[in-house]
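# Tertiary structure, described
The primary structure of each chain is shown beneath.
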Amino acid sequence: MKLNQRSILENAAAWEKLGYSLPKYDREQVKKNTLANPNWIHFGAGNIFRAFQANVLNNLLNEKKTDIGLLVAEGFDYEIIDKAFKSFDDLTIYMKLCCNGTVEKNIVGSVVESLRVDPENSDYETLKELFRKPSLQMVSFTITEKGYAVVDGNGNTPAGIEADFKVGPDKATSYMGKVCAMLYERFKAGALPVAMVSMDNCSHNGDKLKAAVVAFAKNWCDNNVCDKGFLAYVEDEKKVSFPWSMIDKITPRPADSVMDMLVKDGIEDVDFVKTSKNTFVAPFVNAEEAEYLVIEDSFPNGRPKLEEGGVMFTKREVVDMVERMKVCTCLNPLHTALAIYGCLLGYEKISDEMKDSELTKLIKTIGYKEGLPVVTDPGIINPKEFIDTVVEVRLPNPFMPDTPQRIACDTSQKLAIRFGETIKAYEKSENLKVSDLKLIPLVFAGWARYLMGIDDNLNKFELSPDPLLEKVVPMVEDIKIGDTDVHSRLEKLFSDASIFGVNLYEVGLGELSENYFVELIAGKGAVRETLKKYVG
Ligand SMILES: NC(=O)C1=CN([C@@H]2O[C@H](COP(=O)(O)OP(=O)(O)OC[C@H]3O[C@@H](n4cnc5c(N)ncnc54)[C@H](O)[C@@H]3O)[C@@H](O)[C@H]2O)C=CC1
Ligand SMILES: O=P(O)(O)OC[C@H]1O[C@](O)(CO)[C@@H](O)[C@@H]1O
């Protein structure tokens with residue numbers, strides 16, 4: 001059997017016998033309703049969207065809580081549209097990998113159309129038409145943090161964006177330029193209201209999206225290539241809002257182990273491919289069961305009732321607190337600690353690391369003892385219960401094909417927010433002392449040890465991609481296993497506040513991190529011994 005609309009209609013009994021739950025609604029009718037009165041367009045047709053947002057709506061359609069589906073737009077990697085959507089009639093097999101070992105096999109049919117945000121393609125006109133519809137309420141995004149960039153790392157405007165600022169909405173070709181061209185259609189159709197909702201994993205994501213949209217509107221107005229009212233439109237929150245959100249659901253790339261399950265079921269053409277833009281796509285997605293999506297409730301044209309599918313709507317301050325709780329304390333720091341030590345100790349699965357008593361103690365101490373005291377309870381999710389679920393249920397899930405090597409990507413970009421914020425909170429606190437932080441510095445020392453690219457058996461391993469490797473690897477390059485005098489070489493690294501959020505020496509953690517490092521490089525097995533000594 002192959003995944004397509006005809007097959008799920010004609011072979012419904014066979015699919016169901018194999019345990020696949022099929023859409024319980026008339027997709028053709030839902031498609032008609034959606035194209036006539038769309039309320040939700042999502043940009044970024046990646047794996048998380050198919051496993052999370054599209055599935056939430058699929059559940060609501062199954063439960064007859066709505067009769068409107070959604071449209072997905074892809075403006076960066078058009079191959080995704082052909083290889084993951086069109087070939088399968090926009091259906092996705094979502095393999096939910098539950099922690100009790102069961103796999104829920106869902107066929108998600110809520111996406112009624114997948115469109116290229118490509119001015120050379122007729123889909124572009126379709127999208128414009130959709131943006132002009134009064135019914136449109138929400139435009140959401142999972143396009144990675146890079147997707148919103150209108151300035152580069154040096155604060156300069158990239159050439160493509162600069163060119164788009166000059167040519168205006170009709171000829172824009174950059175991602176955000178094309179998004180703004182769509183919004184301009186909505187403006188011309190009567191300055192109709194809409195919420196632009198970033199669902200990317202970056203702090204204050206709504207502000208990032210707003211900054212990009214406002215930059216385009218301002219430059220277009222200044223350059224006289226659009227109607228002057230456009231800037232006021234995108235800046236008027238009653239017309240265009242940019243809610244903040246927090247999203248959490250571990251969604252690894254399509255995995256071999258999951259593909260094998262599908263092959264065993266006799267499903268054909270389920271191979272995954274890596275596109276030329278490095279997206280891993282397949283007719284299926286695999287993800288954990290847990291999911292949290294918390295969105296600031298600011299929707300000038302109303303919104304789909306996603307709360308009925310588990311999405312939480314709240315105030316901006318609460319989104320901020322939830323985000324800080326997850327990213328700075330209860331999930332991501334633990335993930336990063338496991339990533340670094342997992343690579344050093346030769347692990348290839350996060351869940352295997354959770355059987356290692358020193359590693360579990362390491363992350364529990366970082367989470368409960370060092371992090372939790374500085375967390376503000378957001379009220380809607382209990383931080384202690386959240387960590388409990390992370391360490392007891394989510395990370396140990398043996399069915400999740402997630403790897404320390406994937407999480408180790410871009411560590412240099414993550415340390416400041418994941419650990420630096422806690423250090424700063426200790427500095428500010430009247431009751432807590434930075435010197436009480438004992439295992440966060442062990443993660444910093446572990447990262448310096450990781451950058452040597454030599455594991456605890458003294459074998460070489462490949463470092464995961466990270467934009468700062470060229471800068472930081474040379475800092476540890478000439479350090480030898482067994483060295484004891486490392487200060488002159490580590491000083492530059494550990495004093496870099498752009499990496500750690502603080503200068504480690506200034507807050508009193510530099511020397512401790514260096515001492516740990518010396519123990520970690522003492523010889524073969526020294527990483528394990530150091531963990532035993534300090535984690536216990
Ligand atoms: N995978 C996960 O576990 C989670 C992901 N997220 C968020 O969703 C984002 C996407 O994740 P996935 O869909 O799983 O990844 P993916 O690799 O499956 O898809 C990436 C998506 O982002 C687009 N993209 C990549 N680079 C871009 C660029 N420079 N400009 C515009 N678009 C670009 C791709 O075209 C594709 O639509 C993540 O970066 C993160 O912010 C949030 C929570 C969990
Ligand atoms: O690559 P990062 O940002 O460490 O995130 C790792 C994983 O944890 C999450 O934060 C969990 O939601 C996801 O974004 C991602 O799958």
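Residues numbered from 1 in each chain as written. Chains lettered and ligands numbered in written order. Predicted model: local features only at pLDDT ≥ 70, side-chain atom pairs only at ≥ 80, totals over all residues. Heavy atoms only, no water.

Neighbouring residues of ligand 2: Asn201, Asp248, Lys249, Ile250, Lys326, Asn332, His335, Arg406, Ile407, Lys414 and Arg418. Contacts to ligand 2 include Lys326, whose side-chain N or O atom sits 2.8 Å from an oxygen atom. A distance of 3.0 Å separates an oxygen atom of ligand 2 from a polar atom in the side chain of Lys414. For ligand 2, whose unbound accessible area comes to 380 Å², protein coverage reaches 84%. Those elements that provide at least two residues to the shell around ligand 2 are α14 (332-344), α18 (404-407) and α19 (411-428). Tallied by class, residues from the shell around ligand 2 come to two nonpolar, three polar and six charged. A domain-level breakdown of the shell around ligand 2 finds at least three residues from each of domain 1 (5-314) and domain 2 (317-535). (Near = heavy atom within 4 Å. Polar contact = N/O pair within 3.5 Å; in protein donor to acceptor, adjacent residues only side chain to side chain. Areas by Shrake-Rupley, 256 points an atom, 1.4 Å probe, with all protein chains shown as cover. Helix = DSSP H or I, 4+ residues; strand = E, 2+ residues; numbered from the N terminus. Nonpolar A, V, L, I, M, F, W, Y, C, P; charged D, E, K, R; others polar. Domains from an automatic or database assignment.)

A word on helix α3 (residues 27-36). Residues of α3 that are buried include every one of Arg27, Val30, Asn33 and Thr34, and no others. Angularly, the buried residues of α3 cover 120° about the axis, an arc narrow enough to put them on a single face. Residues of α3 that are buried in the fold lie against α1 (5-10), α5 (53-62), β3 (70-74) and β6 (111-116). (Buried < 20%, exposed > 50% of the residue type's maximum accessible area, 1.4 Å probe, protein only. Arc of directions from axis to C-beta. Contact = heavy atoms within 4.5 Å.)

Size it by volume and the second largest pocket reaches roughly 190 Å³. In terms of residue class, the lining of the second largest pocket is made up of three nonpolar, three polar and two charged. (1 Å grid on protein atoms, 1.4 Å probe; cavity = no way out; pocket = protein on both sides within 12 Å on 5 of 7 lines; lining within 4 Å. Points joined across faces, edges and corners; volume = space filled by probe spheres on them.)

This paragraph deals with the domain arrangement of the chain. When the domains of the chain are assigned, the result is domain 1 (5-314) and domain 2 (317-535). The centre of domain 1, based on its C-alpha atoms, is set 33 Å off from the matching centre of domain 2. Each partner contributes to the interface: domain 1 provides 30 residues, whereas domain 2 provides 22 residues. Counting the surface lost from both domain 1 and domain 2, the interface buries some 2,100 Å², and carbon and sulfur atoms represent 69% of this. Our count for the domain 1 to domain 2 interface comes out at two salt bridges. For the interface between domain 1 and domain 2, the tally reads seven residue pairs in polar contact (both at pLDDT 80 or more). When residues of the side of domain 1 that touches domain 2 are traced back to their parent elements, those giving at least two are β10 (245-248), β13 (284-288), β14 (292-296) and β15 (312-314). In terms of residue class, the side of domain 1 that touches domain 2 is made up of 16 nonpolar, 10 polar and four charged. (Buried area = accessible area lost by both parts, 1.4 Å probe. Salt bridge = Lys/Arg side-chain N within 4 Å of Asp/Glu carboxyl O.)

Bringing the side chain of Lys414 into the picture now. Looking at the element boundaries, Lys414 is found in helix α19. Buried charge Lys414 goes without a salt bridge, the closest partner of opposite sign being Asp410 at 5.9 Å. Polar side-chain contacts of Lys414 include one of 2.8 Å to the backbone oxygen of Cys409. Lys414 has contacts with Thr336, Ile407 and Cys409, leaving out every residue within four places of it along the chain. (Lys, Arg positive; Asp, Glu negative; His and termini not counted.)

This part takes up the pattern of salt bridges. When the charged atoms of two side chains lie near each other, side chains of opposite charge can form a pair. Scanning the model with the defined rule gives 36 salt bridges in all. The salt bridge partner of Arg528 is Asp356, with a shortest N-O separation of 2.7 Å. You can see Arg528 sitting in helix α25 (residues 526-535) and its partner Asp356 sitting in the loop between α15 (350-353) and α16 (357-371), a full 172 residues away along the chain. One network of salt bridges, with partners in common, ties together Lys31, Lys86 and Glu113.

The immediate surroundings of ligand 1 are formed by 22 residues, with Asn47, Glu74, Asp200, Asn201 and Thr251 found nearest. A distance of 2.8 Å separates an oxygen atom of ligand 1 from a polar atom in the side chain of Asn47. With respect to ligand 1, the backbone of Ile48 contributes an N or O atom lying 3.2 Å from an oxygen atom. Out of a free accessible area of 820 Å², ligand 1 has 83% covered by protein chains. Tallied by class, the residues present in the shell around ligand 1 amount to eight nonpolar, nine polar and five charged.

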